[in-house]
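# Tertiary structure, described
Here is what each chain is made of, one letter per residue.
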Amino acid sequence: MSEKMWQGRFEQPTDSLVEDYTGSIHVDRRLYRYDIQGSIAHCRMLGECGIIAHEEAAQIIQGLGEILREIERGELPLDASQEDIHMAVEQRLMQKIGEVGGKLHTARSRNDQVALDTRLYLRDVLLDCRRLLLQTVAVLTDMAEKHLHVIMPGYTHLQHAQPVLLAHHLMAYAEMFLRDEERMAQCYHRTNVLPLGSAALAGTTFPIDMEMTARALGFPRVTRNSMDAVSDRDYLIEFCAASALLMMHVSRLAEELVLWSTTEFAFVDISDAFCTGSSIMPQKKNPDVAELMRGKTGRVYGNLMALLTLVKGLPLTYNRDLQEDKEPVFDTADTVRQTLAVLNKMLPQLRFRQDRMEACAAQGYALATEVADYLVRKGVPFRKAHHVVGQLVQHCEKTGKDFTDCTVEELKKFHKALDTDLFAVLTLQSAVDRRTSPGGTSSHRVREAIGAVRDETRRRLDTVIADTPRVS
């Protein structure tokens, strides 16, 4: 049992079991740098506004700097009796400089202090995620350009549908990750607001200057409502929601790599550096990294649901329930950043089997739509053309033929408009190149998309640099 800095109105000390149960320092200790950074800015403001003496502010700031170095060197023990990182830092400050250290907490509360710390932390996480996502997009764009002429089967319902360029398939994921970066950028905008000065819930009677603190910490604006500021966790939930979508996209890509690396597909070889073996079957090469990306998506979904459930029904303003917000956020941040870093190393080392992809692209009557479109250009209504080609496919299946194996006489039994010029369009290259509509799979459109995405990626990287806060 130990004395607390808020112990004044209590007759009994906190039970050690309660200390273990209610303490969060084992989780929030990773916020120490942000906590000290925020405290230094707050202290400078107190001194500039005349709320504490300049000499006192200088003494506190020097002490905080020393504590930062002590924590980074592993010299400051942190235990459950200190409750959280805020109390640990403040207790150590008072041990170092005496009662003047107690003036640091003037005009603030742990409620707005933790809101500041998590915003500072998440701001850095979001910038990291945005950089990693844009790197992913750049990797996919380079891969697409390298494989611009590789044709593969396009799928719907996991059945052969129409031939597409591998580059087109890869650029579909580039678009997904660009949307993910956009969501992270929007979340960053809503996170980048200073709450410090809201105090416990109602603001403070001291003549503080929140704009000064905001400038020192690189925040472009301050919160407008103190009650919302200390109870808001939207930015954390929004980050976890954006991360859940991001991991869903990673999981889809990972699933395709798992499928494509099987003997049945044999579309891709994943580098040995990103696979593992079996403890019993010597021949096995398992795509474990891609499988774990799929699996880790579930924990990110779970973290989102934990946060939504945590905040559901909470009355204004701060409630101790909100102490539980950090573990899901930290775990999501760690998972997303690690996943993207591994993905960005794995993708460039994939080796696609071009011949196998192109051979499969021609299977399953994937050129059936070409026959239907041919009939439409001959004046046949599309629904009629669709029916005719369906009957032709049925005939070919029964006779074991492909369209190109049929004679003109056979074809004309299904419709008189089918003639020898049909065979000119019944090639994979023709099927791909003729799809020149915006966003289509023709090499011209895909090359166009690659250029546009490259320009967009460069522009967004410049925005990330511009968004990086200048902290004084």
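Look above for the structure.
Source: prediction; values computed, not measured.

### Section: the packing of aromatic side chains
Taken as a whole and assessed by the stated rule, the structure comprises 7 aromatic pairs. Ring geometry for Y34 against Y121: centres 6.1 Å apart, planes inclined by 80°, an arrangement best described as edge-to-face. Within this pair, whereas Y34 is found in helix α3 (residues 32-48), its partner Y121 is found in helix α6 (residues 110-146), the two being separated by 87 residues in sequence. Note on accessibility: Y34 and Y121 belong to one class, buried.

### A look at the layout of surface pockets
It is a probe the size of a water molecule, rolled over the atoms, that shows where empty space is left. Quantified by volume, the largest pocket comes out at close to 330 Å³. Lining the largest pocket are 14 residues; nearest its centre among them are R119, R190, V193, T223 and D228. Taken together, the elements giving at least two residues each to the lining of the largest pocket come down to α9 (226-231) and α10 (234-260). Among the elements that line the lining of the largest pocket, the one with the most residues is α10, at 3 residues. Along the lines of polarity and charge, the residues of the lining of the largest pocket split into 4 nonpolar, 2 polar and 8 charged.

### What about the pairing of strand β1 (residues 151-156)?
With 5 bridges joining them, β1 and strand β2 (residues 159-165) adopt antiparallel strand pairing. Across the sheet, the residue bridging to M152 is V164, located in β2.

### So, the packing of α3 against helix α4 (residues 54-72)
It is at 9 Å that the axes of α3 and α4 come closest, and there the two elements cross at 170°. On the basis of the axis angle, α3 is roughly antiparallel to α4. On α4, the residues touching Y32, R33, I36, S39, I40, C43, R44, G47 and E48 of α3 are H54, A57, I60, I61, L64, I67, L68, I71 and E72. Its residues assigned to classes, the contact of α3 with α4 comprises 11 nonpolar, 3 polar and 4 charged.

Definitions and limits used
Sequence order as written defines the numbering, with residues in each chain counted from 1. Reporting of local features is limited, given that this is a predicted model, to residues whose pLDDT is at least 70; pairs of side-chain atoms are given and counted only at 80 or more, and all residues count toward the totals for whole chains, interfaces and linings. Computation of side-chain values: all heavy atoms of the structure, hydrogens and water removed. Each Phe, Tyr or Trp ring (for Trp, its six-membered ring) is paired with any other whose centre lies within 6.5 Å, and the angle between the two planes then decides the class: stacked below 30 degrees, edge-to-face above 60, tilted in between. Where helices and strands are cited, they refer to DSSP runs of H or I of at least four residues and of E of at least two residues respectively, numbered from the N terminus. Classification of residues uses two cut-offs on accessible area relative to the type maximum, computed with a 1.4 Å probe and protein chains only: under 20% is buried, over 50% is exposed, and between them is partly exposed. A cavity here means a set of 1 Å grid points, computed over protein atoms only, where a 1.4 Å probe fits but cannot escape. A pocket is an open set with protein on both sides within 12 Å along at least 5 of 7 lines, and lining residues have an atom within 4 Å of a point. Grid points are joined across faces, edges and corners, and a volume is the space filled by probe spheres set on the points. Charged means Asp, Glu, Lys or Arg here, nonpolar means Ala, Val, Leu, Ile, Met, Phe, Trp, Tyr, Cys or Pro, and polar covers whatever is left, Gly included. We call two strands paired when DSSP finds no fewer than two bridges between them. Here an angle of 0 to 180 degrees is reported between the N-to-C directions of two axes, which are lines fitted to C-alpha atoms, with helices fitted over the stretch in contact. By definition in this entry, angles of less than 35 degrees are roughly parallel, angles greater than 145 are roughly antiparallel, angles of 65 to 115 are roughly perpendicular, and the rest are oblique. Any two residues whose heavy atoms approach within 4.5 Å are treated as being in contact.

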